Each structure stands twice: as C-alpha cells, then as structure tokens.
Amino acid sequence: MDLNMKGKTVLVTGGSKGIGMGCCTVFAEEGCNVVMNYRSDEKSARANAEALEASTGVKVQIVKADVSVEEEVVRMFQELDERGVQLDYLVNNAGNTKVQPVAFQEITTKTWRESQEGTLNSAFFVAREFTKRAIEEKREAAIVNVLAKGSFHPSRIYNSPYVMAKGGLAALTTMMAKELIRHHIRVNGIVPGYVQTEHLYKDGEPLTEEKRKLLPHGEFATPYDMGNAAAFLCSERSRQMIGIFLDCSGGTMI
C-alpha cells in the first residue's frame, strides 16, 4: 500500500536498532525522509543510516541525544532547526527497557525514577518540542507512541516500574490525542507484544522458547512489523484514527 509519505520527514527516537530501526526502514521504504535519533553508538547509527539511505534513495540523517534529559532534547531540536529539518511525523520509541525484575517492596527510588525518566519523561520532552513547531508552522502532523502490552495485559510480576512508565505513556497518549487534534496533530499508540530483535529472543535460548509458547501462532513479531503499524498510523490512510492503541501483540492480549 502506498501510504503517500513521499517528501515527508519522520523523527524516530531510539531509531538505530530494534523497533526503532524497523520503523526507520518502513518509513524510508515509503519514501519518507528519516531522522534517526541515537544515544551513544554513533558508529552503528551512522552505518545503519547510510545503508538505509543507499537502499531507499531517501535522505536519512542521524542526531544524537539522550531523550530522557530535557536539555538534550531541546538541543536536538535546535540542531534540527539549524539543519532546516521540518518534521511531519514523530515515533516516540525510545524507552528504558533494561530495568531488572524486582519485587514491589524492593523497588528502589532510583529504579522507579530511571524507568519514568527513560520512558515517560523522554516521550513527553520530545513530543512537546515536536508539537511546538508543528503548531507554530500550522502544519498537519502525526505522533505515534510505542506502548507496551504489559500495561494492559501483564504477563509477569516483578515489573512494576516499566509497566507504570508505559501505562503513564498510554494515558499521556490519550490526553495528547484529545487536546492536539484541534491543531490537526493526530496522536495514537502501538502496543507491541514479543518482538524479536538483534538482542532479544534469540533462537534456541531457553527464554525464547518459553515466550514462544505464549504466542498463539508461535511466531515472534519483527521490528519491521512494528514499523508497518507506526507508518500506517502516521499516514493519511488512518486519518480517522485518533487516540487509539493499535494491538500489535500477535494475539497475546486476547
């Protein structure tokens, strides 16, 4: 399906790997120019951006920022302003997924704060800067926030900080959608399930086979699958979809 994105530009946070890279790939294949945000590994981000640009013919740029830090987000957008980048779409993908499972009564304040800062605060900081510019420039725009199945359908315990942060992002998505549509900015969310990435659910590992049993059709999702969902929700093909949470969990929320 042609999503009519040619000439548009998307910013994907945490875009150099995993779900973020899947999103960058799909948007680029749809003819959309891409700004790939990364936090630390410039070499990998640059290599992925150059390869994607070469294979699709669209412009793919990288921009460094730890989006959990407000000052870095402001600086990132100022840098994009200086480059003359005008954004049409935002995929809020970056999040703190490295919180170790811990019993509720043993959660430290540090762990709680890090989860909120890395997942909820980061999405807020980026969406705020994106929205300011879209409103000032009177442009139609779209935002997709990457949520989590666990916030709607918890499959395990000892995961409160992460579930809380993603649940807060779901609530924020709803409020953003309700408020921003008057400015012609559509906001939606995608809800991934078990997504097989370069670092997660490697074939043959015990955890992988354990999780596979939870999948109704026995297949893990791919980052590319998530990219298809995000691109569709940004496109005009979904113009009547506002404030929805698109279930991309492969049937694990049934």
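Check the entry above for the structure.
Quick caveat, the model's predicted, so the values are computed rather than measured. (Residues numbered from 1 in each chain as written. Predicted model: local features only at pLDDT ≥ 70, side-chain atom pairs only at ≥ 80, totals over all residues. Heavy atoms only, no water.)

### A short note on the pattern of salt bridges
Enumeration according to the criterion identifies 14 salt bridges in this entry. Residues E129 and K132 are paired through a salt bridge, measuring 3.3 Å at the closest nitrogen-oxygen approach. Of the two residues, E129 and K132 are both situated in helix α4 (residues 109–136); the distance of three residues between them amounts to about one turn of the helix. Residues participating in the shared-partner salt-bridge network are E70, D81, R128, E129, K132 and R133. (Salt bridge = Lys/Arg side-chain N within 4 Å of Asp/Glu carboxyl O. Helix = DSSP H or I, 4+ residues; strand = E, 2+ residues; numbered from the N terminus.)

### Some details on the nonpolar core
One finds M5, V10, F27, Y89, V91 and I190 to be the most contacted residues of the largest nonpolar core, which totals 36 residues. Within the residue set of this core, elements represented by two or more residues are β1 (9–12), α1 (18–29), β2 (33–38), α2 (42–56), β3 (60–64), β4 (89–92), β5 (141–146) and α7 (223–234). Among the elements that take part in this core, α1 stands out by supplying seven residues, more than any other. Setting aside anything within four residues of it in sequence, one finds Y89 in contact with M5, K8, T9, V10, L11, F27, C32, F130, A142 and C234. (Core = buried A, V, L, I, M, F, W, Y, C linked by side-chain atoms within 4.5 Å. Buried < 20%, exposed > 50% of the residue type's maximum accessible area, 1.4 Å probe, protein only. Contact = heavy atoms within 4.5 Å.)

### What about the packing of aromatic side chains?
Counted by the stated rule, this structure contains five aromatic pairs. Between F27 and Y89, the ring centres sit 6.1 Å apart and the planes meet at 45°, which makes this aromatic pair tilted. Linking F27 in helix α1 with Y89 in strand β4, this pair joins segments that are 62 residues apart in sequence. Residue F27 is classed as buried on the basis of its relative accessible area of 0%. For Y89, a relative accessible area of 7% translates into the label buried. (Phe/Tyr/Trp six-rings, centres within 6.5 Å; stacked < 30°, edge-to-face > 60°.)

### Here we look at the environment of E198
The residue E198 is located in the loop between β6 (185–192) and α6 (206–212) in this model. Judged by its relative accessible area of 41%, E198 is partly exposed. Sequence-distant contacts of E198, defined by excluding residues within four places in its chain, comprise K17 and G18. There is a polar contact of 3.3 Å between the side chain of E198 and the backbone nitrogen of G18. (Polar contact = N/O pair within 3.5 Å; in protein donor to acceptor, adjacent residues only side chain to side chain.)

### Section: the sheet that holds β1
If you trace the seven strands from one edge of the open sheet to the other, you get β3-β2-β1-β4-β5-β6-β7, paired in parallel fashion. Edge positions in the sheet fall to β3 and β7 (245–248), since each of these pairs with one other strand and no more. Averaged over all neighbouring strand pairs, the angle between strand axes comes to 20°, with direction disregarded. Relative to β3, β2 is paired through five bridges, and the arrangement is parallel. (Pairing = 2+ DSSP bridges. Axes fitted to C-alpha atoms, helices over the stretch in contact; angles between N-to-C directions.)

### A look at α2
Between its terminal C-alpha atoms α2 stretches 21 Å, which fits the 21 Å expected from 15 residues at 1.5 Å a residue. Within the span of α2, buried status applies to A45, A49 and L52. For α2, the angular spread of buried residues about the axis comes to 70°, placing them on one side. Looking at α2, the residues exposed on the side facing more than 90 degrees away from the buried face are K43, E50, A54 and S55. In this fold, the buried residues of α2 make contact with α1, β2 and β3. Count one or two residues on from α2 and you reach G57, which has phi positive near 85°. (Expected span 1.5 Å × (residues − 1). Arc of directions from axis to C-beta.)

### A closer look at the environment of V91
Its location among the elements puts V91 in strand β4. Taking the relative accessible area as the measure of exposure, V91 reaches 0% and is therefore buried. Spatially, the C-alpha atom of V91 lies 14 Å from that of I62, the residues being 29 residues apart in sequence. Apart from residues lying up to four places away in sequence, V91 is in contact with V10, L11, V12, T13, C23, F27, V144, V146 and A230.

### Side note on the side chain of S122
By secondary structure assignment, the location of S122 is in helix α4. Residue class for S122 comes out buried when judged on its relative accessible area of 1%. Among residues more than four places away in sequence, those in contact with S122 are V67, S68, N92, A94 and E117.

### Considerations on the packing of α4 against helix α5 (residues 160–180)
Close contact between α4 and α5 brings their axes to 8 Å; oriented N to C, the two are set at 20°. Classified by the interaxial angle, the pair formed by α4 and α5 is roughly parallel. The two elements α4 and α5 meet at a crossing, and its hand is right-handed. Together, T111, W112, S115, Q116, T119, L120, A123, F124, A127, T131 and I135 of α4 and S160, P161, Y162, M164, A165, K166, G168, L169, L172, M176 and L180 of α5 make up the contact between the two elements. (Parallel < 35°, antiparallel > 145°, perpendicular 65-115°, else oblique. Left-handed = near helix turned anticlockwise from the far one by under 90°.)

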